[in-house]
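Per-entry structural report
Chain by chain, the residues run as shown.
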Amino acid sequence: MYHRLDGKLVAVGSLDILYNVVNSGYFIYDPEFKFLSLGVVGAIREIEFMRKMRLTSQGYKWYVLGDMVSVCPKVNYK
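These remarks concern the structure in this document. (Residues numbered from 1 in each chain as written. Predicted model: local features only at pLDDT ≥ 70, side-chain atom pairs only at ≥ 80, totals over all residues. Heavy atoms only, no water.)

1. Section: a nonpolar patch on the surface
Taken together, the side chains of Leu 5, Phe 35 and Leu 36 make up a nonpolar region of the molecular surface, amounting to roughly 300 Å² of accessible area. Relative to the assigned elements, Leu 36 resides in the loop between strand E3 (21-29) and helix H1 (38-56). Owing to a relative accessible area of 33%, Leu 36 belongs among the partly exposed residues under this scheme. (Patch = residues over 30% accessible without salt bridge, like charges linked within 9 Å, V, L, I, M, F, W, Y side chains within 5 Å. Areas by Shrake-Rupley, 256 points an atom, 1.4 Å probe, with all protein chains shown as cover. Salt bridge = Lys/Arg side-chain N within 4 Å of Asp/Glu carboxyl O. Helix = DSSP H or I, 4+ residues; strand = E, 2+ residues; numbered from the N terminus. Buried < 20%, exposed > 50% of the residue type's maximum accessible area, 1.4 Å probe, protein only.)

See below:
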């Protein structure tokens, strides 16, 4: 998902869309816009996307903020 403010790209979210789960894998944003709490805005928009898709196609039941992979040092901070 791309997030723009007055045409400027300010954040990007990466989603894994599975059978009945929408997994928010990564979310990155321009630190200049940190005061806007773009991570929260991104999560809300992803949930809205999931709910909209639930009404039009297969039923997504779960929204997950990332996955914990304890054996992988690059992502075990989640």
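2. Details of the side chain of Ser 24
The topology assignment puts Ser 24 in strand E3. Polar side-chain contacts of Ser 24 include one of 2.9 Å to the side chain of Glu 46. For Ser 24, the residues in contact, after removing those within four places along its chain, are Ser 14, Leu 15, Glu 46, Tyr 63, Val 64, Leu 65 and Gly 66. (Polar contact = N/O pair within 3.5 Å; in protein donor to acceptor, adjacent residues only side chain to side chain. Contact = heavy atoms within 4.5 Å.)

3. Remarks on the pattern of salt bridges
Two side chains with opposite charge may pair up if their charged atoms get near one another. This model, assessed by the stated rule, comprises two salt bridges. The partner of Lys 8 in a salt bridge is Asp 30, and the shortest N-O contact between them spans 3.5 Å. Taken together, the positions of Lys 8 in strand E2 (residues 8-17) and Asp 30 in the loop between E3 and H1 put the pair 22 residues apart, joining distant regions of the chain. Residue classification places Lys 8 among the partly exposed positions, given a relative accessible area of 37%. The partner of Glu 32 in a salt bridge is Lys 8, with the nearest N and O atoms 3.7 Å apart. Separated by 24 residues along the polypeptide, Glu 32 in the loop between E3 and H1 and Lys 8 in strand E2 bring together distant segments of the chain. It is possible to trace a salt-bridge network through shared partners that takes in Lys 8, Asp 30 and Glu 32.

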